[in-house]
Each structure stands twice: as structure tokens, then as C-alpha cells.
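# Structural characterization, general
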Amino acid sequence: MNENHLEIATLDWLASLGWTPLHGDVVSPGGEESARAAFSDVVLRTRLSPVVARLNPALSAAEVEEVVDTVARFASQSLVDGNRQMYDWLRNGVPFEQVRPDGSRAAIRVPVLDATGRNDLLAVQQFTVHGQKVRRPDIVLFVNGLPLVVIELKNPADLNADVEKAYHQIQTYKAQIPDIFQTN
């Protein structure tokens, strides 16, 4: 058994729980799904937009895209502060100022997760991200196109591959591709 076998077994297990497994090439720029324009993009906009539209039928298509842009372009100087902010958005909705037909403005919260559980669950194997360096986490779990979990697996046949090595690999990802950690 090697690391690839472990990835496949993990994807099979996730599929049994309702996650759709895909290889990273499918959602990469130019891939079958083309869910992102550049390898530096970590939010799968083509999966987030329809969910935001479904959950918020009163929003126009332009307003939906504005909310998606807000989430996709979110960045924070501190991952901890960013995670706190994003957690608020995931839990309570993305703050949005909507212009009503009469010209008045309303501050609303736009949900991006379906509280009833009808979310798009995607498990992506070998998700390539271009940051300070090119990195490829083993499995990234996306909910409605948002990367919420990064899984780093190690070869079970390698006696030197342990939890500590996986932890250090995640720390490397945090330093070199921090955008993937903004939403998780």
C-alpha cells in the first residue's frame, strides 16, 4: 500500500458519505469543469454561484456574483483573524448592501451554506495551488465550492511518514499557499 492507495481509499470512504470525488485536474483551469480561472484561485466559483443563487432567490445575478467575489477575494493579514471573519460569514451569511428598487439600501446577510444540508460536497484529490510555491495537497474538501478541509496523508508503508510529518507539511502549506486556509 502506498500514499495513492490511501488517497483512493479515503475518497471511496468520503463518497460513501455523500461527497463527490474528483481529481484536481478536473477543476483546474482548462479542466473539464474549469471551476477556477487560475491556479491561484482556491474558491470554485462555478460551484459557489449556483448555491448562492438558490439560497438567495431575491438577489439578482449581478448581486450573486458580487457576493461570490466578496468571498473568493477575501484575504486577511492573519489566518486566525481571517478564519474568525470567515466563520462568521459561513455561520451568519456574508454581509451585503443591497440596493432596493426604490433606491434605498438594506444591509443583509447572504447565506452561502444551506442549513438544511443541501450543500454541494466535493472531495478533490491532488488540488494544485500556485502561491509562493506550487503545492498540491492530497485531498481538499469543498462545501459549495469553498475549501473547508485540507487533508494531508502519508504513506502507511513508510516508517518515517507519521502524523508529525503530515503536520509539518500542513504548516508548509499554510506558509506557501495561505489562501487555501482562509475559509477553513
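Remember, it's a predicted structure, so these values are computed and weren't measured experimentally. (Residues numbered from 1 in each chain as written. Predicted model: local features only at pLDDT ≥ 70, side-chain atom pairs only at ≥ 80, totals over all residues. Heavy atoms only, no water.)

## A word on the side chain of Q182
Short version of the rule: What counts as a helix is a DSSP run of H or I of at least four residues, what counts as a strand is a run of E of at least two, and both are numbered from the N terminus. Throughout, exposure labels follow a simple rule: accessible area from a 1.4 Å probe, protein chains only, divided by the maximum for the residue type, with under 20% read as buried, over 50% as exposed, and the rest as partly exposed.
Take Q182: it is sitting in the segment after α6 (163-176). Relative accessible area serves as the criterion here: at 5%, Q182 is assigned to the buried category.

## Let's talk about the nonpolar core
In plain terms, the rule: Remark: nonpolar core denotes a set of buried residues (Ala, Val, Leu, Ile, Met, Phe, Trp, Tyr, Cys) joined through side-chain atoms within 4.5 Å. Whether two residues touch is decided by their heavy atoms; if any such pair falls within 4.5 Å, the residues are in contact.
Within the largest apolar cluster, 33 residues are counted, with the highest numbers of intra-cluster contacts made by L48, V52, V67, V71, V112, F127 and I180. When residues of this core are traced back to their parent elements, those giving at least two are α3 (45-55), α4 (61-72), α5 (79-92), β2 (94-99), β4 (121-125), β7 (139-143), β8 (146-151) and α6. When residues of this core are assigned to their parent elements, the largest contribution, 4 residues, is made by α4. In contact with V112, other than residues within four places in its own chain, are L48, V51, V52, L55, V67, V71, L90, V94, N144 and L146. Core analysis: the next-biggest nonpolar cluster, separate from the first, contains 8 residues, L11, W19, I139 and L141 among them.

## Some thoughts on the sheet that holds β7
The criterion, for reference: Strand pairing is assigned whenever DSSP detects at least two bridges linking the two strands. An axis is simply a line fitted to the C-alpha atoms; with a helix, the fit covers only the stretch in contact. Between two such axes, the angle follows the N-to-C directions and lies from 0 to 180 degrees.
Strand order in the open sheet formed by 4 strands is β1-β4-β7-β8, and the pairing between neighbours is mixed. The open sheet has two free edges, formed respectively by β1 (20-23) and β8, since each of these has just one partner strand. Mean inter-strand twist for the sheet, computed between neighbouring axes without regard to direction, equals 25°. Where β1 meets β4, 4 bridges bridge the pair, whose relative direction is parallel. Paired with L22 across the strands is V124, a residue of β4.

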